[in-house]
Amino acid sequence: MNIIPVFLPHEGCKNHCTFCNEYSVTGLKRLPSREDILSTVQRYLSYFADKNNVELAFYGGTFTGSKRQKIYLDIGLELFERKVIKGIRFSTSPGQFNREKALLLLNYPISLVELGVQSFDPLVLKMSNRDHGVEEIYSAMRILKDLSIPFGLHLMTGLPGDNHDKDLFSSLEVVRSGAISVRIHPLIILKASPLAQDFDMGLFSPPNLEESLEILWKMYLIITGAGIIVNRIGVCLYGNEVKNVVAGPYHPALGELVRNRLMLEVLREHHRLSGSDHIVLDNSHKGDFTGHGRYVVDKASNEGIIVQFRKNGLRLDIESYLSSIRERLLGVIYAKT
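Asker: Run through the overall build of the protein chain, naming residues and quoting values.
Answerer: In terms of regular secondary structure, the protein chain is built from 13 helices and 11 strands. Here the C-alpha atoms of the protein chain give a radius of gyration of 21 Å, agreeing with the 20 Å that 2.2 N^0.38 yields for 337 residues. Structurally, the protein chain occupies a C-alpha span of about 60 × 50 × 40 Å along its principal axes. Sequence-distant contacts, at least 24 apart, represent 78% of the contacts inside the protein chain between residues at least 6 apart. Counting every atom, the protein chain has about 15800 Å² of accessible surface; 51% of that belongs to carbon and sulfur.

Printed below as a string of structure tokens:
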């Protein structure tokens, strides 16, 4: 599916979350007009080879809190009726979602509602100045399931008050939720966000890249192992917007690094079971076990595990290894609860 993104920075937001500055993320200073949206649609259509599988997406802000929501939905409906798009998706907060607002959506071709959950921990939500608590999350999910409206969830790691156990609990709640997709963003400090001041004063510091990868690979494995799509890891920034990152684990290929980190776990598992420090893999595994900037093979080498590739080398059943690692991880989590 090809996605046409339309950004609505801070539109409809009741609270200013401590981590947020959507002007920094998007580079936009105003809301798009009808003409802007139609122009964006035409521009993106010119990029797509497959113009028959297109969705219009409204990102940023709190869509169901916007007074312009119906205007935006009507533009999407017009494009749907003209067969330009196949559906509309948007992101919103559970704090501004109820059954009445959900019923309105039944008049439109909604393909996905993404709930900005961030965390299933009440303290993390409070310290992030979210406009909702945990009960509002469960209520919004129940409503969407009752009305058969597909939904996804947006999680964040590294927020104030957060820790690995809380992130893993959020991952388990995703699996139980009925969501069809997830986005996971580790916290980055953005210029002019409330947390930027705390960072400058030395009151708060986000996890670094390696610390973030240590929790992200576990979350990714738990969620995807349950058949749920993780459609993005990390904030997508373009051009000068990267300069608005003050601190935190921003990386343009973060999703790839998370998958690389998983492959490192596979090598560790093989090493644990075989006892061999020298692994000669088949050439077909180069894409799996080399990694972004040689991340996998270099990390393994630093741990004394030497990885080489050759024709007719060892072929690993990666899915079997991942399944074993996931089961062991879940066993540790459940043992703590």
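Asker: Quick one: what's the story with helix H3 (residues 69–81), residue by residue and with numbers?
Answerer: In this model, H3 (13 residues) spans 18 Å end to end at C-alpha, consistent with the 18 Å of a helix rising 1.5 Å per residue. Turning to H3, its buried residues number three or more, namely Gln-69, Tyr-72, Leu-73, Ile-75, Gly-76 and Leu-79. Seen end-on, H3 carries its buried residues on one side only, within an arc spanning 155°. Along H3, exposed side chains directed more than 90 degrees from the buried face belong to Ile-71 and Glu-81. Each element contacted by the buried residues of H3 is listed here: helix H2 (34–47), strand E2 (54–59), strand E3 (87–92), helix H4 (99–105) and strand E4 (110–118). Where H3 ends, the next residue or the one after it, Lys-83, has phi of about 65°, a positive value.

Asker: Lay out the packing of helix H9 (residues 209–224) against helix H10 (residues 254–274) with the relevant residues and their values.
Answerer: Viewed as axis vectors pointing N to C, H9 and H10 meet at an angle of 75°, and their least axial separation amounts to 9 Å. Comparing their axes, H10 and H9 come out roughly perpendicular. Between H9 and H10, the contacting residues are Leu-209, Leu-213, Glu-214, Leu-216, Trp-217, Tyr-220 and Leu-221 on the first element and Leu-254, Leu-257, Val-258, Arg-259, Arg-261, Leu-262 and Glu-265 on the second. Across the contact of H9 with H10, the residue classes tally to 10 nonpolar, no polar and four charged.

Asker: Describe in detail the pattern of salt bridges, supporting the description with residues and values.
Answerer: The tally for this structure, following the rule as stated, stands at 19 salt bridges. In this structure, the salt-bridge partner of Glu-214 is Lys-218, at a minimum N-O distance of 3.5 Å. Within this pair, Glu-214 and its partner Lys-218 are both found in helix H9, separated by four residues, close to a single helical turn. Since its relative accessible area comes to 17%, Lys-218 is described here as buried. The network of salt bridges with common partners includes Glu-214, Lys-218, Arg-261, Glu-265, Arg-268 and Glu-303.

Asker: Explain the sheet that holds strand E1 (residues 2–7) to me, using residue names and the numbers behind them.
Answerer: The strands that make up a sheet are held in pairs by hydrogen bonds between backbone atoms, and each pair lies either parallel or antiparallel. Pairing is parallel in the open sheet, where seven strands are placed in the order E1-E2-E3-E4-E5-E6-E8. The open sheet terminates on both sides in strands that have one partner only, identified here as E1 and strand E8 (229–233). Direction aside, neighbouring strands of the sheet carry axes that sit 20° apart on average. Where E3 lies against E4, five bridges are found, and the strand directions are parallel.

Asker: Any details on the packing of aromatic side chains? Residues and values, ideally.
Answerer: This structure, assessed with the given rule, holds eight aromatic pairs. Seen in terms of ring centroids, Phe-63 and Phe-90 are 4.5 Å apart; in terms of plane orientation they differ by 25°. Their pairing is stacked. Remark: Phe-90 occurs in strand E3 and Phe-63 occurs in the loop between E2 and H3; sequence separation between them is 27 residues. An aromatic cluster is built from Phe-58, Phe-63, Tyr-72 and Phe-90, whose rings are joined through pairwise contacts. The positively charged end of Arg-183 is found above the aromatic ring belonging to Tyr-59, 5.5 Å away from the centroid.

Asker: Give me the lowdown on helix H7 (residues 164–177), citing residues and values where you can.
Answerer: With 14 residues, H7 extends 20 Å between its outermost C-alpha atoms, agreeing within 8% with the 20 Å of an ideal straight helix rising 1.5 Å per residue. The complete set of buried residues in H7 reads Lys-166, Asp-167, Leu-168, Ser-170, Ser-171, Leu-172, Glu-173, Val-174 and Ser-177. Those residues of H7 that are buried lie in contact with helix H5 (122–127), helix H6 (134–146), strand E5 (151–157), strand E6 (181–186), H9 and helix H13 (318–336). With a side-chain oxygen lying 3.1 Å from the backbone nitrogen of Asp-165, the N-terminal cap of H7 falls on Asn-163.

What counts and what doesn't
- Residues numbered from 1 in each chain as written.
- Predicted model: local features only at pLDDT ≥ 70, side-chain atom pairs only at ≥ 80, totals over all residues.
- Heavy atoms only, no water.
- Helix = DSSP H or I, 4+ residues; strand = E, 2+ residues; numbered from the N terminus.
- Rg over C-alpha atoms; globule rule 2.2 N^0.38 Å.
- Contact = heavy atoms within 4.5 Å.
- Areas by Shrake-Rupley, 256 points an atom, 1.4 Å probe, with all protein chains shown as cover.
- Expected span 1.5 Å × (residues − 1).
- Buried < 20%, exposed > 50% of the residue type's maximum accessible area, 1.4 Å probe, protein only.
- Arc of directions from axis to C-beta.
- Axes fitted to C-alpha atoms, helices over the stretch in contact; angles between N-to-C directions.
- Parallel < 35°, antiparallel > 145°, perpendicular 65-115°, else oblique.
- Nonpolar A, V, L, I, M, F, W, Y, C, P; charged D, E, K, R; others polar.
- Salt bridge = Lys/Arg side-chain N within 4 Å of Asp/Glu carboxyl O.
- Pairing = 2+ DSSP bridges.
- Phe/Tyr/Trp six-rings, centres within 6.5 Å; stacked < 30°, edge-to-face > 60°.
- Lys NZ or Arg CZ within 6 Å of the ring centre and 35° of its normal.
- Polar contact = N/O pair within 3.5 Å; in protein donor to acceptor, adjacent residues only side chain to side chain.

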